[in-house]
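Reading the structure
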Amino acid sequence: MQRQLRQPLEVDPSVYDPELNPGAVAWFKAASLELIARVDGYLKILALHEVACERIESSNPGKIIYEDPDQVVVIPWAHDGAEPVE
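Quick look at the overall build of the chain
From N to C terminus, the chain includes four helices and three strands. The linear arrangement of helices and strands in the chain, starting from the amino end, is α-β-α-α-β-β-α. When burial is assessed residue by residue, the chain has 24% of its 86 residues classed as buried. Long-range contacts, defined here as pairs at least 24 residues apart, represent 58% of the contacts in the chain between residues at least 6 apart.

Here's the deal with the sheet that holds strand β1 (residues 25-28)
Ordered in space as β1-β3-β2, the three strands form an open sheet in which the pairing is antiparallel. Bordering the open sheet on either side are β1 and β2 (62-67), each of which pairs with just one other strand. Direction aside, the axes of adjacent strands within the sheet are offset by 40° on average. Across five bridges, the pairing between β2 and strand β3 (residues 71-76) is antiparallel. By the bridge assignment for β3, G62 is matched with P76.

Some words on the pattern of salt bridges
Across all of its chains, the model carries four salt bridges by this definition. Where E34 meets R38, a salt bridge forms, and the shortest distance between an N and an O atom there is 3.8 Å. For E34, a relative accessible area of 35% puts it in the partly exposed group. The residue R55 makes a salt bridge to D40 at a minimum N-O spacing of 3.7 Å. Here R55 is found in the loop between α3 (39-48) and β2, whereas its partner D40 is found in helix α3, with 15 residues between them in sequence. Where salt bridges share partners, they join D40, R55 and E57 into one cluster.

Some remarks on the pairing of β3
A regular strand carries its side chains on alternate faces of the sheet. Taking burial as the measure, the six residues of β3 include six buried ones, the bulk of the element. Along β3, one buried face is formed by Q71, V73 and I75 and the opposite face, lined by V72, V74 and P76, is buried too. Where β2 folds back on β3, the antiparallel hairpin that results is connected by three residues.

Structural notes on the side chain of D68
When you line up the elements, D68 lands in the loop between β2 and β3. Side chain to side chain, D68 and Y66 meet in a polar contact 2.8 Å long.

The rules behind each value
Residues numbered from 1 in each chain as written. Predicted model: local features only at pLDDT ≥ 70, side-chain atom pairs only at ≥ 80, totals over all residues. Heavy atoms only, no water. Helix = DSSP H or I, 4+ residues; strand = E, 2+ residues; numbered from the N terminus. Buried < 20%, exposed > 50% of the residue type's maximum accessible area, 1.4 Å probe, protein only. Contact = heavy atoms within 4.5 Å. Pairing = 2+ DSSP bridges. Axes fitted to C-alpha atoms, helices over the stretch in contact; angles between N-to-C directions. Salt bridge = Lys/Arg side-chain N within 4 Å of Asp/Glu carboxyl O. Polar contact = N/O pair within 3.5 Å; in protein donor to acceptor, adjacent residues only side chain to side chain.

Pasting the structure below:
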């Protein structure tokens, strides 16, 4: 049985509001291996339809505005105006 991914919008309807959280995007956490394993299949489907895409990994993708056990939603640093803290 596949684990169900929580929908951030059900917890916080403003999470993807472009004025409040410009450029907000979800990332899987590194420990969410079952969910990450599905990504390559989706990339293959997109490639078959000639949709440009790539898998990106980051330990610091942006300012976290939502978090659950499997994912974070962030405002990427380029949109936040801040620089990543190293």
